[in-house]
Amino acid sequence: MGFTAGETAAMRRALVLAQSPGVPLGPNPRVGCVLLDDSGTEVAEGFHRGAGTAHAEADALLRAGDAARGTTAVVTLEPCNHTGRTGPCAQALIAAGVRRVVFAQADPNPQAAGGAATLRAAGIEVDQGLLEPDARRVNRAWTFALDHGRPFVTWKFATTLDGRSAAADGTSRWVSSPAARRDTHLLRGACDVMLVGTSTVEVDDPELTVRDEFDVPLSHQPLRAVMGLRDLPAGRRVFNERAESVRLLTRDPQAALQQLFELDRRHVFLEGGPTLAASFLRAGLVDEIVTYVAPMLLGAGRAAVGDLGITTIAQARHFAVTDVTALTSHDDSDTNVRITMRGN
Ligand code: AOF
Ligand code: ZN
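Thresholds applied
Residues numbered from 1 in each chain as written. Chains lettered and ligands numbered in written order. Predicted model: local features only at pLDDT ≥ 70, side-chain atom pairs only at ≥ 80, totals over all residues. Heavy atoms only, no water. Donors = N, O, S within 2.8 Å, 3.2 Å for Na, K, Ca; no water. Buried < 20%, exposed > 50% of the residue type's maximum accessible area, 1.4 Å probe, protein only. Phe/Tyr/Trp six-rings, centres within 6.5 Å; stacked < 30°, edge-to-face > 60°. Lys NZ or Arg CZ within 6 Å of the ring centre and 35° of its normal. Pairing = 2+ DSSP bridges. Helix = DSSP H or I, 4+ residues; strand = E, 2+ residues; numbered from the N terminus. Axes fitted to C-alpha atoms, helices over the stretch in contact; angles between N-to-C directions. Contact = heavy atoms within 4.5 Å. Near = heavy atom within 4 Å. Polar contact = N/O pair within 3.5 Å; in protein donor to acceptor, adjacent residues only side chain to side chain. Areas by Shrake-Rupley, 256 points an atom, 1.4 Å probe, with all protein chains shown as cover. Domains from an automatic or database assignment. Buried area = accessible area lost by both parts, 1.4 Å probe. Salt bridge = Lys/Arg side-chain N within 4 Å of Asp/Glu carboxyl O.

What follows deals with the coordination of the zinc ion (ligand 2). Protein ligation of the zinc ion (ligand 2) involves H55 (ND1), C80 (SG) and C89 (SG), the donor distances falling in the range 1.9 to 2.3 Å. Here H55 falls in the buried class, since its relative accessible area comes to 17%.

Take a look at the structure:
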C-alpha cells in the first residue's frame, strides 16, 4: 500500500465533499470522490446527495466526461458493485477508463460490497484504507448500523445534580438551560429518528421536532417514533403534521430497533423517559449517552433512569467519557455541562 501526497490531499477534499451541507440523512452514506490526472491535478469532483441520486463516483465521472480516462479515482467509500437505486460504480469506473482507485473505507453493506475485487479483476490498480478512520467517522451511525444490523442508539437525558429529570409534581420543563436545549436540537437534527415511549407521550406530550427558533440546518425533520402498546389520547403533539410519526407496537427495544432499521433509520435519538431508558440499558442497546447536567438540586422527583436491577455498588454500570463541554447561556449561573459517553 502506498499513497501519494496528492492522493492524501484529494482524500481530504473528498471527505469535505462527502459532508456537503444540505444532504438529507437517510439510508445512504455520505460519500465524496475526486478524480486526479497523472500529474496529481484534480480533473473533477463529486458527491452523493442522498438515496436515489447519483453516487459520488458517478457524479464525478459525469462532470469529468472524457477527461476521466486514465485518472485515479479517490473515493471515501469502496465503489459499489450492485444495481440498487442506481447502477454499479465499479462498472462505471471501468467503462470510463479509470486507471487506479484509492478508497478509504470498505463497504460494510453486503448488498453493495465487492467493488474492489471487480475493479482488480478488470486490471485496475486498487488501494484501500487511506484516511479510513476519518471516513468511518463521517458515516459513524451508518457504518455502525450496517455492521450490527440495527441503528446506532444515542440516549439523551437532562438531569439535575441529584440525578432527577422532573420535580415531585411532575414538572420537568426547565431542567436544562436555553443553551442546552438548543444543543439538543442540533443533536436531534443529526439523527434520523427520535424515539420515546407511550408514557412520555401521555405525560409530557412533547412535539419532538427540530425547531426553527434554534436555527438548526436541516434538510428534513427526523421521524418521530413512539413505542409501546398503550392506547394514546387523541391529539398528542407528536402526531401533528410538523413531521412524520410512526407507532411501534412493541415494548421490546430489540424489536423496536429492528422495525426502525427496516424503515431505513440508522441513528436513533432516544429521548424517552426513565423506564424506556432502563429497558434499553438493560438490553445493552445504548451505544452513546449524552447528558445535560444542570447546576440545580430538586431533592425529590422523578429519577433520570428507572430500575436497572442493580443492588450493590459492584454491579454499577460504568461508562467511558468521550467529551465534556460547558454550555453557557445568558449568564454564568445558567451554565449546563454536557457529558458524552460511550454506552454499553
Ligand atoms: C451511496 N452513495 O456515493 C456510494 C454508495 O441502491 P443505492 O443506490 O441506494 O445504493 C446504496 C449503497 O451503495 C450504499 O448503502 C453503499 O453501500 C453503496 N455506495 N452509496 O449512497 C455513494 N458510493
Ligand atoms: Zn455506487
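Another aspect to go through is the packing of aromatic side chains. Aromatic ring pairs are described here by two measures, namely the spacing of the ring centres and the angle between the planes. Applying the stated criterion across every chain, the model contains 2 aromatic pairs. An angle of 80° between the planes, with centres 5.2 Å apart, marks the rings of F144 and F152 as edge-to-face. Among the residues examined, F144 registers a relative accessible area of 16% and is labelled buried. Assessed through its relative accessible area of 7%, F152 is described here as buried. Ring plane angle 20° and centroid distance 4.2 Å describe the contact between W155 and F157, whose orientation is recorded as stacked. A relative accessible area of 5% means that W155 is categorised as buried. On the basis of relative accessibility, which here comes to 16%, the residue F157 falls in the buried class. Above the ring of F261, the side-chain terminus of R266 is found at 4.3 Å from the ring centroid.

Before going further, it helps to examine the sheet that holds strand β13 (residues 336-342). Sheet strands line up and pair through hydrogen bonds in the backbone, either parallel or antiparallel. Spatially, β9-β8-β7-β10-β6-β11-β13-β12 is the arrangement adopted by the 8 strands of the open sheet, whose pairing is mixed. Of all the strands in the sheet, just β9 (245-248) and β12 (320-327) have a single pairing partner and so form its edges. The mean inter-strand angle of the sheet, taken between neighbouring strand axes irrespective of direction, is 20°. Bridge count between strand β6 (residues 152-160) and strand β11 (residues 288-294): 7 bridges; the pairing is parallel. In the strand pairing of β11, W155 is matched with I289. Of the strands in this sheet, β6, β7 (193-197), β10 (267-270), β11, β12 and β13 touch helix α7 (residues 178-189), which is tilted by about 165° from β11. Helix α9 (residues 253-262) rests against β6, β7, β8 (223-227), β9 and β10 of the sheet, and its axis sits at about 150° to β8.

Okay, the sheet that holds strand β4 (residues 100-105) next. One open sheet holds the 5 strands; their spatial order is β2-β1-β3-β4-β5, and the pairing between them is mixed. With one partner strand each, in any of the chains shown, β2 (42-47) and β5 (125-128) form the two edges of the open sheet. Here the strands of the sheet are splayed against their neighbours by 15° on average, with no regard to which way each runs. Here strand β1 (residues 32-36) runs beside β2; their pairing, made up of 5 bridges, is antiparallel. Opposite G32, over in β2, you have F47 as the bridge partner.

This part covers the site of ligand 1. If you check the shell around ligand 1, you find 17 residues, and the closest are N28, H55, A56, R85 and D107. Between ligand 1 and N28 there is a distance of 2.8 Å, counted from an oxygen atom to a side-chain nitrogen or oxygen. One of the side-chain nitrogen or oxygen atoms of D107 is found 2.5 Å away from an oxygen atom of ligand 1. Look at ligand 1: alone it shows 480 Å² of surface, and the protein chains cover 96% of it.

A word on the domain arrangement of the protein chain. According to the domain assignment, the protein chain contains domain 1 (5-143) and domain 2 (149-342). For domain 1 versus domain 2, the separation of C-alpha centres amounts to 35 Å. At the junction of the two partners, domain 1 supplies 10 residues and domain 2 supplies 10 residues. Summed over both partners, the interface of domain 1 with domain 2 comes to about 760 Å²; 56% of that surface belongs to carbon and sulfur atoms. Summed over the three residues of domain 1 that lose the most area to domain 2, namely L25, R140 and A141, the buried surface amounts to 59% of that side. Remark: the boundary between domain 1 and domain 2 carries 2 salt bridges. Ionic pairing is found between E288 and R140, a salt bridge with its closest N-O pair at 2.8 Å.

The next point concerns unusual backbone geometry. The backbone of D205 shows a phi angle near 45°, a positive value even though the residue is not glycine. Secondary-structure assignment places D205 in the loop between α8 (198-203) and β8. Phi at N344 takes a positive value of approximately 45°, unusual for a residue other than glycine. Here N344 is to be found in the segment after β13. N344 gets classed as partly exposed once you look at its relative accessible area, which sits at 48%.

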